[in-house]
Amino acid sequence: MMKRIVLTAFALLGVAGTALAAPIDLPANQAIFIQFKNLEQSNTANILTIPGGYVGTTPLQNNWGVAAITSLQIGAAIASPPHNDISGGANFFQDDGPGGTQGMITAVFGGFQITSATTQTGGFIDLYWHDAGADTTLGATAAAEANCLAGNTCGPDAATVGKFSTDNGGVFLARLLSATGIVPNDNTTTVKSTADPNTQGASGFADSFANVDLTKPGVWTTILNGNWFFVELNGNGIRGDNPNELRDVRFSNFFNADVASWNGPLGTVGIRSNDPARVFTADVVPEPATLTLLGLGLAGLARRRKRA
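1. Some remarks on the overall build of the protein
Line of reasoning, step 1. Check the secondary structure of the protein and you find 5 helices and 15 strands.
Line of reasoning, step 2. The proportion of buried residues among the 308 residues of the protein is 47%.
Line of reasoning, step 3. Contacts in the protein between residues far apart in sequence, at least 24 positions, make up 70% of those at least 6 positions apart.

2. Details of helix 2 (residues 142-149)
Line of reasoning, step 1. Every buried residue of helix 2 is listed here: Glu145, Cys148 and Leu149. Looking down the long axis of helix 2, one finds its buried residues gathered within 95° of arc, a one-sided arrangement.
Line of reasoning, step 2. Just downstream of helix 2, Gly151 is the residue with a positive phi angle, here 85°.

3. Considerations on the side chain of Arg247
Line of reasoning, step 1. Within the fold, Arg247 resides in strand 12 (residues 246-247).
Line of reasoning, step 2. Although Arg247 is buried, it forms no salt bridge, and the closest oppositely charged side chain is Glu245 at an N-O distance of 7.9 Å.
Line of reasoning, step 3. Discounting residues that sit within four places of it in the chain, Arg247 has contacts with Ala179, Thr180, Phe209, Ala210, Asn211, Asn227, Trp228, Phe229, Val231 and Leu233.

4. Quick word on the state of the cysteines
Line of reasoning, step 1. A full pass over the atoms with the stated rule returns 1 disulfide.
Line of reasoning, step 2. Linked covalently through their sulfurs, Cys148 and Cys154 form a disulfide whose S-S length is 2.0 Å. Its S-S torsion of approximately -105° makes the covalent link between Cys148 and Cys154 left-handed. By the burial criterion, Cys148 is buried, and Cys154 matches it.

5. Describing the environment of Asp241
Line of reasoning, step 1. Along the chain, Asp241 turns up in the loop between strand 11 (229-230) and strand 12.
Line of reasoning, step 2. Residues Asp241 and Val231, spaced 10 residues apart in sequence, show a C-alpha to C-alpha distance of 8.8 Å.

6. Considerations on the pairing of strand 1 (residues 31-42)
Line of reasoning, step 1. With respect to burial, strand 1 is a largely interior element, 10 of its 12 residues being buried.
Line of reasoning, step 2. Bridge analysis of strand 1 against strand 15 (residues 277-280) gives 4 bridges, and the strand direction is antiparallel. Paired with Ile34 across the bridge in strand 15 is Ala277.
Line of reasoning, step 3. Bridge analysis of strand 1 against strand 14 (residues 269-274) gives 6 bridges, and the strand direction is antiparallel. When the sheet's bridge partners are listed, Lys37 is paired in strand 14 with Asn274.

7. Details of the pattern of salt bridges
Line of reasoning, step 1. For the coordinates displayed, the defined rule picks out 4 salt bridges.
Line of reasoning, step 2. Ionic pairing is found between Asp207 and Arg250, a salt bridge with its closest N-O pair at 2.7 Å. Of the two residues, Asp207 is situated in strand 10 (residues 203-212) and Arg250 in strand 13 (residues 249-256); the sequence distance between them amounts to 43 residues. Here the two residues Asp207 and Arg250 agree in accessibility, since each one is buried.
Line of reasoning, step 3. Here Asp258 makes a salt bridge to Arg272, at a shortest N to O gap of 2.9 Å. With Asp258 in the loop between strand 13 and strand 14 and Arg272 in strand 14, this pair connects stretches of sequence that are 14 residues apart.

8. A look at the nonpolar core
Line of reasoning, step 1. Core analysis: the largest hydrophobic core is formed by 35 residues, its most contacted members being Ile105, Leu127, Leu176, Trp220 and Leu224.
Line of reasoning, step 2. A per-element tally of this core places strand 6 (residues 104-116) first, with 4 residues.
Line of reasoning, step 3. Once residues within four sequence positions are removed from consideration, Leu127 is found in contact with Ile69, Thr106, Ala107, Val171, Phe172, Leu173, Ala174, Leu176, Trp220 and Leu224.

9. Section: the confidence of the model for the protein
Line of reasoning, step 1. Mean pLDDT over the protein stands at 88; residues scoring 70 or higher make up 86%.
Line of reasoning, step 2. Considering only residues more than four positions removed or in separate chains, one finds that residues 1-19, a stretch of pLDDT under 50, has 16 contacts.
Line of reasoning, step 3. Ignoring residues within four places in sequence, the model shows residues 289-308, a span with pLDDT below 50, making 18 contacts including any to other chains.

10. Details of the packing of aromatic side chains
Line of reasoning, step 1. This structure, assessed with the given rule, holds 10 aromatic pairs.
Line of reasoning, step 2. For the pair Trp64 and Trp262, a centre-to-centre distance of 5.4 Å together with 40° between the ring planes defines the contact as tilted. Note that Trp64 is positioned in strand 2 (residues 63-74) and Trp262 in the loop between strand 13 and strand 14, a separation of 198 residues in sequence.
Line of reasoning, step 3. Overall, Trp64 belongs to the buried group, its relative accessible area being 0%.
Line of reasoning, step 4. With relative accessibility at 0%, the residue Trp262 sits in the buried group.
Line of reasoning, step 5. Centre to centre, the rings of Trp228 and Phe280 are 5.3 Å apart; their planes meet at 15°, and the pair counts as stacked. In this pair, Trp228 is assigned in the loop between helix 4 (221-224) and strand 11 and Phe280 in strand 15, connecting sequence segments 52 residues apart.
Line of reasoning, step 6. In textbook terms, an aromatic cluster arises when at least three aromatic residues are bridged by ring pairs, as seen for Phe209, Trp228, Phe229 and Phe280.
Line of reasoning, step 7. A cation over a ring is seen here: Arg175 above Phe124, with NZ or CZ 4.6 Å from the ring centre.
Line of reasoning, step 8. Geometry around Phe172 places Lys216 over its ring, the cationic atom sitting 5.0 Å from the centre.

Thresholds, definitions, all that
Residues numbered from 1 in each chain as written. Predicted model: local features only at pLDDT ≥ 70, side-chain atom pairs only at ≥ 80, totals over all residues. Heavy atoms only, no water. Helix = DSSP H or I, 4+ residues; strand = E, 2+ residues; numbered from the N terminus. Buried < 20%, exposed > 50% of the residue type's maximum accessible area, 1.4 Å probe, protein only. Contact = heavy atoms within 4.5 Å. Arc of directions from axis to C-beta. Lys, Arg positive; Asp, Glu negative; His and termini not counted. Salt bridge = Lys/Arg side-chain N within 4 Å of Asp/Glu carboxyl O. Disulfide = S-S within 2.5 Å. Pairing = 2+ DSSP bridges. Core = buried A, V, L, I, M, F, W, Y, C linked by side-chain atoms within 4.5 Å. pLDDT = per-residue confidence, 0-100. Phe/Tyr/Trp six-rings, centres within 6.5 Å; stacked < 30°, edge-to-face > 60°. Lys NZ or Arg CZ within 6 Å of the ring centre and 35° of its normal.

Structure follows, in structure tokens:
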């Protein structure tokens with residue numbers, strides 16, 4: 001009888017799998033190199049809201065936007081200096097567009113406050129998964145998706161925020177909170193850039209760190225909590241010698257303030273930016289979604305058998 005229950009559970013699992021695929025698993029204890037594309041708005045005045053009533057960490061900000069991850073790569077830790085950077089490698093995920101088999105990973109970010117022409121504080125990034133078959137949210141074809149990511153068909157509005165978050169069953173993966181450390185011994189700055197992104201036509205490079213928000217759990221929260229990057233904040237010249245000097249994710253964004261469709265009133269500048277981000281995942285094995293579904297199937301069958 002037990003064998004029959006298990007086989008029935010697997011049959012149910014197969015049916016469930018066709019209806020709801022699980023988000024891609026990240027490998028444990030592994031350097032990962034992440035490529036992405038962003039669309040953003042920035043304003044020197046703290047007046048921007050994320051359209052559609054999106055709940056971030058603050059109702060008003062200087063900078064917000066949306067992003068799509070184009071690939072995840074098995075990376076390699078750069079040896080010197082230690083715990084500082086990760087290089088790229090072979091893809092284990094690639095956004096293969098609408099109709100593909102890989103699914104899609106998107107993000108909504110905001111909460112950034114400008115502290116100078118080249119520095120910001122605060123900030124969050126919410127990551128979402130979209131199953132293959134539901135990843136036509138940004139466009140029905142690869143060309144339509146590319147047009148969205150270029151800012152041609154996706155504007156700074158509530159519809160776009162929905163597309164990059166929960167539309168078509170988007171699944172919350174994790175919230176990242178920008179963290180200090182990109183400027184040594186600076187406990188305020190979370191983003192440092194080489195140029196002022198609020199100057200129309202400007203281009204430059206921005207660097208930052210982030211930690212996963214453990215109070216807002218998602219599918220990837222545990223695996224992203226690797227604490228691998230070391231920063232220096234205590235003034236003793238030793239990186240990573242204190243728990244407050246450990247970071248989960250590092251971002252490096254190449255940006256161009258040239259997206260006219262994302263410009264707005266009162267000097268709001270439209271920006272496009274791109275990768276990379278890097279993370280060294282935690283040394284844990286997350287529970288596979290298949291085992292969770294199997295457990296639910298067995299529990300349901302057991303209850304049904306008990307009632308019978």
